[in-house]
Amino acid sequence: MIQNNVVDKPVVTTTRREEICQIFGETYNPELWNDWRWQMRHRLTKLEHFQQVLRLTPAEEKGLAIAPEKFAVAVTPYFASLLDSEDPLCPLRLQVIPRSEELLVDAADMVDPCGEDHDSPVAGLVHRYPDRVLLLALDSCAAYCRYCTRSRLVSQGEMYPVTRRLDAIVAYLEEHTEVRDVLISGGDPLLMADEPLDKLLGRLRAIPHIEFVRIGSRVPSFLPTRITPELVAVLRKHRVWLSLHFCHVRELTQEVAQACDLLADGGIPLGSQTVLLKNVNDSEQTLKQLFHGLLKLRVRPYYLYQCDPVVGTSHLRTSVQTGIDLISKLRGHTTGYAVPTYVIDAPGGGGKVPIQADTLLAYSNGTAKLRNWEGEMYTYVDPALQ
Ligand SMILES: *Cc1c(COP(=O)(O)O)cnc(C)c1O
């Protein structure tokens, strides 16, 4: 049982779920609603779907009419039920409903901001850092984040599923004995059925020098009922770590709490990644609520990302200064467990660069001048005998 103090959000009403089921001419049935495959088959993808359950603004209507040609729109019924039907600035709505601003291209915008395609030795594998690789599992997600860093690949239907590329990937990894760490991301790997996922993980685990296997997934946020005891057993068998993706405390529902409990009780170490987004989570209070909420679910905030300069996302991006200021308001003011590392994935393929306000003001002749979380100065002196 989930303790009452773990999540404190109001439960979504059955009426809301009924409204969403009616889009597809169905009546609400809790058993089907909780079936992740039913959820995937009943995703909201079109203007007409959203019109029936949200009071759309002209900017959203235009976005929904035009954006799908560039980057797919899909929202699971579960996640749609969490959207505020009246408030266009609802922090969940901003993440998944396209707006006309997506058609604007800023001078800094890029198609492949992190330069992943450049570092790809085999289709679907990015090898940038010395000891670890990023494996792109498939090209679909449960829902599409409007700020997706891989919108050039995801939902475009040009990437073969990993099962068809696996031999080439495994051959590369077998040959590259320096790779000890594989991060499977995507497209969302947890949309794979248990069996092919088990097979993929088994192939990776059979490579002796691969010590650490992680999956990056937003399924626990968009489709929490996908987290079944059977899936947890597969993840546990292969000793997988999970990096989840949450941007706002309103995502931390009872269903999500249950999914995280299943995973944590199943022995799966849980981290979370958050993208800093304008009007979604760019305030001290919002980030604190999110990170504290995650700790309650036994999820450790891992990275806070500066939003990548992906084409058509400038309306969702904050300045770097905003990120620095926000992290300064967290660091020291709350436990380090609740403070992720704020990073910019350097455009052009430089990798993740950690950013924080200066805390080491000067360091010379063995003397470090430090600034603490309250802005006060301290000195640390190295031992004289070395
Ligand atoms: C983020 C990332 C990784 C993993 O980095 P960690 O700092 O270990 O989480 C690996 N490869 C690529 C290309 C990445 O973008």
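Residues numbered from 1 in each chain as written. Predicted model: local features only at pLDDT ≥ 70, side-chain atom pairs only at ≥ 80, totals over all residues. Heavy atoms only, no water.

(A) Representation of the overall build of the protein chain within the structure. Counting its regular elements, the protein chain contains 14 helices and twelve strands. Relative to the compact-globule value of 21 Å for 386 residues, the protein chain shows a C-alpha radius of gyration of 22 Å, a close match. With the C-alpha coordinates of the protein chain rotated into their principal frame, the extents come out at 80 × 50 × 50 Å. Evaluated residue by residue, the protein chain yields a buried proportion of 52% over its 386 residues. Residue pairs in contact within the protein chain that sit at least 24 positions apart in sequence constitute 74% of those at least 6 positions apart. (Helix = DSSP H or I, 4+ residues; strand = E, 2+ residues; numbered from the N terminus. Rg over C-alpha atoms; globule rule 2.2 N^0.38 Å. Buried < 20%, exposed > 50% of the residue type's maximum accessible area, 1.4 Å probe, protein only. Contact = heavy atoms within 4.5 Å.)

(B) Quick look at the domain arrangement of the protein chain. For the protein chain, the domain assignment lists domain 1 (3-100), domain 2 (117-353) and domain 3 (356-386). Between domain 2 and domain 3, the C-alpha centre-to-centre distance is 34 Å. (Domains from an automatic or database assignment.)

(C) Up close: the sheet that holds strand β5 (residues 240-245). The sheet built from nine strands is open, its strands ordered β1-β2-β3-β4-β5-β6-β7-β8-β9 with mixed pairing. A strand with exactly one partner marks an edge of an open sheet, and here the two such strands are β1 (125-126) and β9 (351-354). Sheet analysis places strand β4 (residues 212-217) next to β5, joined by five bridges and oriented parallel. Within β5, the residue paired with Arg214 across the bridge is Trp241. (Pairing = 2+ DSSP bridges.)

(D) Geometry of the nonpolar core. In terms of nonpolar packing, the biggest core is built from 103 residues, with Leu173 and Leu235 touching the most fellow members. Residues lining this core come from more than one domain, with at least three contributed by each of domain 1 (3-100) and domain 2 (117-353). Beyond its immediate sequence surroundings of up to four residues, Leu235 is in contact with Leu190, Leu197, Leu201, Ile215, Val240, Leu242, Leu263 and Ile268. Counting residues in each nonpolar core, the second largest holds six residues, with Phe71, Ala74, Cys141 and Tyr144 among its members. (Core = buried A, V, L, I, M, F, W, Y, C linked by side-chain atoms within 4.5 Å.)

(E) Representation of the sheet that holds strand β12 (residues 377-381) in the model. Read across the sheet, three strands follow the order β10-β11-β12 without closing on themselves; strand pairing throughout is antiparallel. Looking at which strands have only one partner, the edges of the open sheet turn out to be β10 (360-364) and β12. Pairs of neighbouring strands in the sheet enclose a mean axial angle of 15 degrees, with direction left out of account. Bridge analysis of strand β11 (residues 367-371) against β12 gives five bridges, and the strand direction is antiparallel. (Axes fitted to C-alpha atoms, helices over the stretch in contact; angles between N-to-C directions.)

(F) Structural view of helix α5 (residues 58-66). Within the span of α5, buried status applies to Glu60, Gly63 and Leu64. One side of α5 holds all its buried residues, which, seen down the axis, span an arc of 95 degrees. Those residues of α5 that are buried lie in contact with α4 (47-51) and α7 (93-96). (Arc of directions from axis to C-beta.)

(G) The site of the ligand, seen in detail. As a structural note, the neighbourhood of the ligand is formed by Val126, Tyr129, Arg132, Leu134, Leu183, Arg214, Tyr302, Tyr303 and Lys352. Note that an oxygen atom of the ligand is positioned 2.8 Å from one of the side-chain N or O atoms of Arg132. A distance of 3.0 Å separates an oxygen atom of the ligand from a polar side-chain atom of Lys352. Compared with its free state, where it exposes 390 Å², the ligand has 91% of that area covered by protein. Of the residues in the shell around the ligand, the class split is six nonpolar, no polar and three charged. (Near = heavy atom within 4 Å. Polar contact = N/O pair within 3.5 Å; in protein donor to acceptor, adjacent residues only side chain to side chain. Areas by Shrake-Rupley, 256 points an atom, 1.4 Å probe, with all protein chains shown as cover. Nonpolar A, V, L, I, M, F, W, Y, C, P; charged D, E, K, R; others polar.)

(H) A look at the state of the cysteines. Taken as a whole and judged by the stated rule, the model has zero disulfides. Note on Cys114: no disulfide assigned, nearest cysteine sulfur contributed by Cys307 at a separation of 10 Å. The buried category is assigned to Cys114, whose relative accessible area is 3%. Here Cys307 is not disulfide-linked; the sulfur of Cys247 is the nearest cysteine sulfur, at 9.2 Å. (Disulfide = S-S within 2.5 Å.)

(I) A look at the pairing of β4. Most of β4 sits inside the fold, with five of its six residues counted as buried. Between strand β3 (residues 181-185) and its parallel partner β4, the chain crosses via helix α9 (residues 194-205), and the hand of that crossover is right-handed. (Right-handed = clockwise from strand over helix to strand, strands pointing away.)

(J) Just the UniProt feature "modified residue: N6-(pyridoxal phosphate)lysine" (unreviewed entry) in the protein chain, in detail. The positions that UniProt labels "modified residue: N6-(pyridoxal phosphate)lysine" (unreviewed entry) are, in the present scheme, Lys352. Structurally, the position occupied by Lys352 is in strand β9. For Lys352, a relative accessible area of 29% translates into the label partly exposed. Setting aside residues no more than four positions away along its own chain, Lys352 makes contact with Tyr129, Tyr303, Tyr305, Val343, Ile344 and Asp345. (UniProt positions renumbered as here; feature names shortened; annotations may be inferred.)

(K) Layout of unusual backbone geometry. Although it is not a glycine, Arg239 sits at a positive phi angle of roughly 55 degrees. Here Arg239 is to be found in the loop between α11 (229-237) and β5. Backbone geometry places Asn365, a non-glycine residue, at a positive phi of 50 degrees. Position of Asn365 relative to the elements: it lies in the loop between β10 and β11. On the basis of relative accessible area, Asn365 is assigned to the exposed category, the value being 79%.

(L) Focus on the pairing of strand β6 (residues 270-276). For β6, the buried fraction is high: seven of the seven residues fall into the buried class. Burial of the side chains of β6 extends over both faces: Leu270, Ser272, Thr274 and Leu276 are buried on one face and Gly271, Gln273 and Val275 on the other. As judged from the four bridges shared by β5 and β6, these two strands associate in the parallel manner. What sits directly across from His245, in β6, is Gln273. The parallel pair β5 and β6 is bridged by helix α12 (residues 254-265), and the resulting crossover is right-handed. Pairing geometry for β6 and strand β7 (residues 300-306), over six bridges, is parallel. Bridge pairing links Gly271 to Arg300 in β7. Handedness of the β6-helix α13 (residues 284-296)-β7 crossover: right-handed.

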